[in-house]
Amino acid sequence: MATSIYDVDLPDWRLKEILDVANEWTICNGVSIKSGGEGVEARKAVSAPYSLFPSVVPASILQQAKSSMVHFNRLMHKVALDHDFLEESLKNVIKADDFMENLWNIYLKVRDAGVKQPYHLGLFRNDFMMNCLNNVGPGELVSADQLELKQIEFNAISSSFGGLSEQLGHLHRLTLRMCGKQFDSDQIPENRSATGLAQGLAAAWDLYGNPKAVLLYLISSDERNVIDQRWLEFKMYNTHPQIRVLRRTLAELSDNGILQGDGRLFLGNDEVAVVYMRDGYTAENYPTLKEWDGRLKMELSTAIKCPSIQYQLVGSKKIQQELARPGALEKFISDPAIVQSIRSTFADLYSLDLGEEGDIAVGKALAAPDKFVLKPQREGGGHNLYSEAITNFFTTYSNSKEREGYILMQRIFPWQQKNYLVKAGVPFVLSNVVSEVGIYGVYLGSEAEEKQNYECGHMLRTKISGTDEGGIVAGFAVLDTPFLV
Ligand code: ADP
Ligand code: MG
Ligand code: MG
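What you see is a predicted model; the values in this text were computed from it and never measured.

Q: Give me the lowdown on the overall build of the chain, citing residues and values where you can.
A: Helix and strand counts for the chain stand at 17 helices and 21 strands. Against the globule reference of 23 Å for 485 residues, the chain gives a C-alpha radius of gyration of 22 Å, in line with a compact fold. When its C-alpha atoms are laid out on the principal axes, the chain stretches across 70 × 55 × 45 Å. When burial is assessed residue by residue, the chain has 46% of its 485 residues classed as buried. Partitioning the intrachain contacts of the chain with sequence separation of at least 6 by distance along the chain shows that 78% fall at a separation of at least 24.

Next up, the structure:
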């Protein structure tokens, strides 16, 4: 049985007309991305990769993911402030991975310096896939009880696409209606991701308490996803038009940032209230010592960091794996029902630390490499190893400390649907696709106090089935929206 939204049953010429409308709509409504390249070319905005129609998500699954977000927010905050847990969890990773070691060293320096800013700001995105329990063909309708929501990863830094995702549902209502589909408006639910994230930035700026201080967007010099970042800024101006936003790189922060004796951070005459990182999330963002110097400077300051170094550390795959150990969640959450609801979303996760436990995991992976994903401590897509690459990795590093920089994860086999992906290099045909659901959350708090904790919308991203990776800017997936059934 095909689900009603796939079989649009339109002649090709009408589909092309709808595609033309959709392409222009994305440009007119800011579902766009910079084209990249050099000079003037680089400033042009083009459509962000998107799907022509929404993809089905059972309402109960989306609800499950959304309702867990405030618990995840608080959990990650608590873990970030638990020095012993961080140290115990990360002690082997930092010996095997220079990037993690550098982050860890910054954390230690911040700790030695004493608390300069007790509040931490998280603009998080918790990502899930719908694991399909039965072996059904692409496009077959599956009921919610045949799907299990499984966490892929928790993003604690530079969680992207909240800006563009707020727009996209409006496009999908239009494209479905142009096909003559009947549906309730709330089957494509309202999504206030950009607005909610922007409110988090504004709340942190308010909390800092200096009306003259600026919000610093930490960006890369060759960023393409600028429009997504700008949406948060535009939404913030709805309530806080007085906030000045500066956009600087880590290298510029190193060159021009002044850390005063009392910890206040200045750029020229401007005191920085909040640093919002849309760079610095992965190793390639630190090509020289200068970027590390810029990072240290902001971390040692009184500015409210989104995220702080601790928050970035808890977003690592290693922490995800350590939290999946029996008894780990109970250290942070007293309510067994909440523990159970969070744990039910965890896939099987394995430490690869040298020793018996890690050896057993390596054995499992070598016996069935197609059933696992091997993950290093990186962000932004394109770093994981699958299938043959897993076998090769463990053959080369069977018993060396390199493996301690990775974790092993059960591979999720998501429900396959059908959709048209609109993306350079992908043929515009009805394709077998799989989706990943992200839930946005904002947390602003200190050791003593929770100022903000809310869930604020969702993103859906969809890729051709069989594609291993999933990043949109990295070129694997497209933006999508959930169609609730
Ligand atoms: P990153 O931080 O680089 O985004 P992820 O853990 O999200 O790292 O992995 C990147 C992509 O790889 C995901 O978007 C998803 O498409 C795919 N992926 C990750 N983990 C799994 C898994 N356990 N099963 C299936 N696919 C996965
Ligand atoms: Mg990530
Ligand atoms: Mg990811």
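We are not done yet, so read on.
Q: Account for the UniProt feature "binding site: Mg(2+)" (unreviewed entry) in the chain, with residues named and values stated.
A: Mapped onto the present numbering, the UniProt feature "binding site: Mg(2+)" (unreviewed entry) falls at E153, N155 and E379. Over a stretch of 227 residues, the named residues converge on one spot in the fold, their C-alpha atoms separated by at most 10.0 Å. Residue placement: E153 occurs in strand β6 (residues 147-155). Setting aside its immediate chain neighbours within four residues, E153 contacts D127, K317 and Q320. Note that N155 resides in strand β6. Residue N155 is classed as buried on the basis of its C-beta count, with 21 C-beta atoms lying within 10 Å. Every residue in contact with N155, bar those within four places of it in the chain, is listed here: F124, R125, D127 and G315.

Q: Explain the site of ligand 1 to me, using residue names and the numbers behind them.
A: Neighbouring ligand 1 are 20 residues; E153, V373, E379, I412 and G470 lie closest to it. Elements represented by at least two residues in the shell around ligand 1 include exactly β6, β14 (372-376) and β16 (406-410). A class-by-class count of the residues in the shell around ligand 1 yields 5 nonpolar, 7 polar and 8 charged.

Q: Which residues make up the sheet that holds β16, and what values go with them?
A: On the basis of which strands lie adjacent, the open sheet formed by 4 strands has the order β13-β16-β14-β15 and antiparallel pairing. Only two strands of the sheet have a single partner each, and these edge strands are β13 (349-351) and β15 (385-386). Packed onto the sheet, helix α16 (residues 356-367) meets β13, β14 and β16 and runs at close to 130° relative to β13.

Q: Describe the environment of C306, with residues and values.
A: Within the secondary structure, C306 is located in strand β12 (residues 304-306). With 31 C-beta atoms packed within 10 Å, C306 lands in the buried category. Separated by 106 residues in the primary sequence, C306 and G200 place their C-alpha atoms 9.7 Å from one another. Not counting residues within four places of it along the chain, the set of residues in contact with C306 comprises L121, G122, L123, A204, V274, V275, Y276 and M277.

Q: I'd like a description of unusual backbone geometry, backed by residues and values.
A: In this structure, the amide linkage connecting C306 to the following residue, P307, adopts the cis form with an omega of 0°. If you trace the backbone, P307 turns up in the loop between β12 and α13 (309-314). Phi angles above zero are rare outside glycine, and S158 is one such case at about 50°. Here S158 is to be found in the loop between β6 and α8 (162-178). Looking at S158, the number of C-beta atoms within 10 Å reads 26, which means it is buried.

Q: Account for the UniProt feature "binding site: substrate" (unreviewed entry) in the chain, with residues named and values stated.
A: Taking the UniProt record as the reference, the feature "binding site: substrate" (unreviewed entry) is found at R125, Q229 and R461. Relative to the assigned elements, R125 resides in strand β5 (residues 120-132). Along the chain, Q229 turns up in helix α10 (residues 226-239). In this structure Q229 touches G163, Y217 and R278, once residues within four positions along its chain are discounted.

Q: Go over the packing of α16 against helix α17 (residues 387-396) with me, naming the residues and quoting the values.
A: Interaxial distance between α16 and α17 falls to 9 Å at its minimum, and their mutual angle equals 140°. Taken together, the axis directions place α16 and α17 in an arrangement best described as oblique. The two elements α16 and α17 cross, and the hand of that crossing is left-handed. Across the interface between the two elements, V362, A365 and L366 from α16 touch I390, T391 and F394 from α17. Residues of the contact of α16 with α17, tallied by class, amount to 5 nonpolar, 1 polar and no charged.

Q: For the confidence of the model for the chain, give the residues involved together with the corresponding values.
A: Taken as a whole, the chain shows an average pLDDT of 95; of its residues, 99% reach a score of 70 or greater. Scored as a complex, the prediction yields pTM 0.97 and ipTM 1.00.

Q: For the environment of D184, give the residues involved together with the corresponding values.
A: Inspection of the secondary structure puts D184 in the loop between α8 and α9 (193-208). In the structure, D184 is positioned 300 residues away from L484 in sequence and 9.5 Å away in space, judged by C-alpha atoms.

Q: An account of the packing of α8 against α10 is requested, with residue identities and associated values reported.
A: The geometry of α8 relative to α10 is characterised by a closest axis approach of 6 Å and an angle of 85° between their N-to-C directions. With respect to their mutual orientation, α8 and α10 come out roughly perpendicular. In contact with G162, G163, L164 and E166 of α8, α10 contributes I227, D228, Q229, R230, W231 and L232. Of the residues assigned to the contact of α8 with α10, the class counts are 4 nonpolar, 3 polar and 3 charged.

Reading the values: the criteria
- Residues numbered from 1 in each chain as written.
- Chains lettered and ligands numbered in written order.
- Predicted model: local features only at pLDDT ≥ 70, side-chain atom pairs only at ≥ 80, totals over all residues.
- Helix = DSSP H or I, 4+ residues; strand = E, 2+ residues; numbered from the N terminus.
- Rg over C-alpha atoms; globule rule 2.2 N^0.38 Å.
- Buried ≥ 20, exposed ≤ 12 C-beta atoms within 10 Å, placed from the backbone.
- Contact = placed C-beta atoms within 7 Å.
- UniProt positions renumbered as here; feature names shortened; annotations may be inferred.
- Near = placed C-beta within 6 Å.
- Nonpolar A, V, L, I, M, F, W, Y, C, P; charged D, E, K, R; others polar.
- Pairing = 2+ DSSP bridges.
- Axes fitted to C-alpha atoms, helices over the stretch in contact; angles between N-to-C directions.
- Parallel < 35°, antiparallel > 145°, perpendicular 65-115°, else oblique.
- Left-handed = near helix turned anticlockwise from the far one by under 90°.
- pLDDT = per-residue confidence, 0-100.

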